[in-house]
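# Geometric and topological summary
Listed here are the chains, written in short residue letters.
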Amino acid sequence: MLLAAACAPAPGGGEGSNSTAVTSPTPGGVAVPDGPAGLAIVPQGGADISSVIDGPTSYRSHENLLLPIVSESGEWLQVVTTCSSEEWVRRSDVEIVARSAAASPGPGFDLSNAVIVVDPGHGGRDKGAKGPSGSNEKDFNLSISILLHNRLAAPQDIDWETGHVRPGDQYPAVASVWMTRGPEGPDDGDFELGLAYRADVANRAGADALVAIHNNSSPTGTLSTPGSDVFYAASSPGSDRLASLIHEELMRGLSPFAASWSAGGVNGPQARIDPETGDDFYGLLRRSDSSSVIVEGLYISTAKEETLLGTSLVQMAYADAVYRGLIRYLTSDESGTPVIEPIPFSGTVGSPSTSSCVVPTQP
Ligand SMILES: [Zn+2]
């Protein structure tokens, strides 16, 4: 029997499955779905946000936030806020990073041109799953994501015999690695994000891959190997191979740590499909145009695995496994763990609605 992963991102219903707002420009703006504009970065000191072009300032956005650009009109850019709403900001008030041109992963791929989006699951009042001793999934997700970011942002060597990763010159730093929430943002990265926002950061950055970092809850049994899941976007080419490689590397990286692992009914690289629409069940994966996966590394709801998640060794092993999976996905045509056939899935899981989400303002 399939149980919902309680920590997983909400399906579309979580914050409006019929919302097309982020792809429909407000009248007056010119849509830039394939245009040069990509991400607006709020500079030091913040940036004024208005609900309409030439309108009064609604609030001053917190510095270092990424704002995906939806459309443009003269001096104004229509952007998606961290709460997935659409607002306007003056072009001169932000730094603009153009959308990266798409490149095909495989042998010969130039890593130094790669754009990766790392999405730490949950944040702010959305704490995700909880461990028996009170730790919150959102915090582990962020710590692991920061380690992954740091691997990607600097050149590394990988010993493929052992899986060991260390600074070196075998694999260059990627061109850009964006975190949807990171330590340079408000509250050291502990703030709420909408699913549409998370997907749109990847879409507007032109990401070669979007990796969401989560940890699971509500196991149904145990396994002798880690009960890791990697959910892939059935609708985005390459996502299945990315999931399969990350899953294989997670097995290699996490297996040495514990004798008994929590598990769900089906574990491995898999897709969940909404039987009513035939589309991806998870809103993040459905909305993303990039090769996208949601990684559920360990079961935080089990005392043993919660303890493991609190150690730097396991956090590093998790991050390095995802790093190796990404490197193999981008630079080879290998496949990893065979993917499980897409599974019809419906249920009520996930993050709270963003209806009371608040965009962080500049203090
Ligand atoms: Zn989660």
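### Considering the overall build of the chain
Along the backbone of the chain there are 6 helices and 20 strands. Burial analysis of the chain (363 residues in total) assigns 54% to the buried set. Here the analysis covers contacts within the chain between residues at least 6 apart in sequence; of these, 78% occur between residues at least 24 apart.

### Digging into the sheet that holds strand β13 (residues 209-216)
Pairing within the open sheet is mixed, and its 6 strands lie in the order β12-β9-β13-β19-β15-β17. Only two strands of the sheet have a single neighbouring strand rather than two, namely β12 (176-179) and β17 (269-270). Examined bridge by bridge, strand β9 (residues 115-120) and β13 share 5 bridges and lie parallel to one another. Within the sheet, the bridge partner assigned to I116 lies in β13 and is A209. Its contacts with the sheet place helix α1 (residues 137-152) against β9, β12 and β13, and it is angled at close to 145 degrees to β13. Relative to the sheet, helix α3 (residues 239-254) contacts β13, β15 (229-232), β17 and β19 (292-299), its axis offset from that of β19 by approximately 20 degrees.

### Observations regarding the confidence of the model for the chain
Across the chain, the average pLDDT comes to 90, with 88% of residues at 70 or higher. Between residues 1-27, whose pLDDT stays under 50, and residues either more than four places distant or in other chains, the model counts 83 contacts.

### A short note on the packing of α3 against helix α6 (residues 312-331)
Describing two packed helices takes the angle between their axes plus the distance from one axis to the other. Running from N to C, α3 and α6 point in directions that differ by 145 degrees, and their axes come no closer than 8 Å. Along this stretch, α3 crosses α6, giving a crossing that reads as right-handed. Along the contact surface, α3 presents R241, L242, L245, I246, E249, L250, R252, G253 and L254, while α6 presents A317, Y318, D320, A321, V322, R324, G325, R328 and Y329. Here the contact of α3 with α6 is composed, by residue class, of 10 nonpolar, 2 polar and 6 charged.

### Let's talk about the environment of Y318
The residue Y318 is located in helix α6 in this model. Separated by 23 residues in the primary sequence, Y318 and V295 have C-alpha atoms spaced 9.9 Å apart. Excluding anything up to four places from it in sequence, Y318 contacts I144, G253, L254 and G297.

### What to know about the environment of S73
Looking at the element boundaries, S73 is found in strand β5 (residues 66-73). The exposure class of S73 is partly exposed, given the 17 C-beta atoms found within 10 Å.

### Points about α1
Here α1 is 16 residues long and its end C-alpha atoms lie 22 Å apart, about the 22 Å a rise of 1.5 Å per residue gives. Extensive coverage of α1 is indicated by the burial of 14 of its 16 residues.

### Quick look at the environment of Q270
When you line up the elements, Q270 lands in strand β17. Accessibility expressed as a C-beta count within 10 Å gives 22 for Q270, which makes it buried. The spatial distance from the C-alpha of Q270 to the C-alpha of I340 is 5.0 Å, given a sequence separation of 70 residues.

### Here's the deal with the pairing of strand β11 (residues 164-167)
Both strand β10 (residues 156-159) and β11 contribute to a ladder of 4 bridges, which runs antiparallel. Across the sheet, I158 pairs through a bridge with V165, a residue of β11. Between the end of β10 and the start of β11, which pair antiparallel, lie 4 residues, with G163 showing a positive phi angle near 85 degrees.

### Considerations on α6
Helix length check: α6 (20 residues) gives 28 Å between terminal C-alpha atoms against 28 Å at 1.5 Å per residue, within 8%. Burial of α6 is extensive: 16 of the 20 residues sit out of reach of the surface.

### Observations regarding the packing of α1 against α6
Two elements in contact, α1 and α6, have axes separated by 8 Å at closest approach and are oriented at 50 degrees. The pairing of α1 with α6 is recorded here as oblique in orientation. Of the two possible hands of crossing, α1 and α6 adopt the one that is right-handed. Across from S143, I144, L147, L148, R151 and L152 in α1, the residues of α6 making contact are Q315, M316, Y318, A319, D320, V322 and Y323. Class assignment of the residues belonging to the contact of α1 with α6 gives a composition of 9 nonpolar, 2 polar and 2 charged.

### Structural notes on unusual backbone geometry
Phi at H122 takes a positive value of approximately 65 degrees, unusual for a residue other than glycine. C-beta crowding within 10 Å serves as the criterion here: with 29 such atoms nearby, H122 is assigned to the buried category. The residue D188 is not glycine, and still its phi comes out positive at about 55 degrees. The exposure class of D188 is exposed, given the 11 C-beta atoms found within 10 Å.

What counts and how
- Residues numbered from 1 in each chain as written.
- Predicted model: local features only at pLDDT ≥ 70, side-chain atom pairs only at ≥ 80, totals over all residues.
- Helix = DSSP H or I, 4+ residues; strand = E, 2+ residues; numbered from the N terminus.
- Buried ≥ 20, exposed ≤ 12 C-beta atoms within 10 Å, placed from the backbone.
- Contact = placed C-beta atoms within 7 Å.
- Pairing = 2+ DSSP bridges.
- Axes fitted to C-alpha atoms, helices over the stretch in contact; angles between N-to-C directions.
- pLDDT = per-residue confidence, 0-100.
- Left-handed = near helix turned anticlockwise from the far one by under 90°.
- Nonpolar A, V, L, I, M, F, W, Y, C, P; charged D, E, K, R; others polar.
- Expected span 1.5 Å × (residues − 1).
- Parallel < 35°, antiparallel > 145°, perpendicular 65-115°, else oblique.

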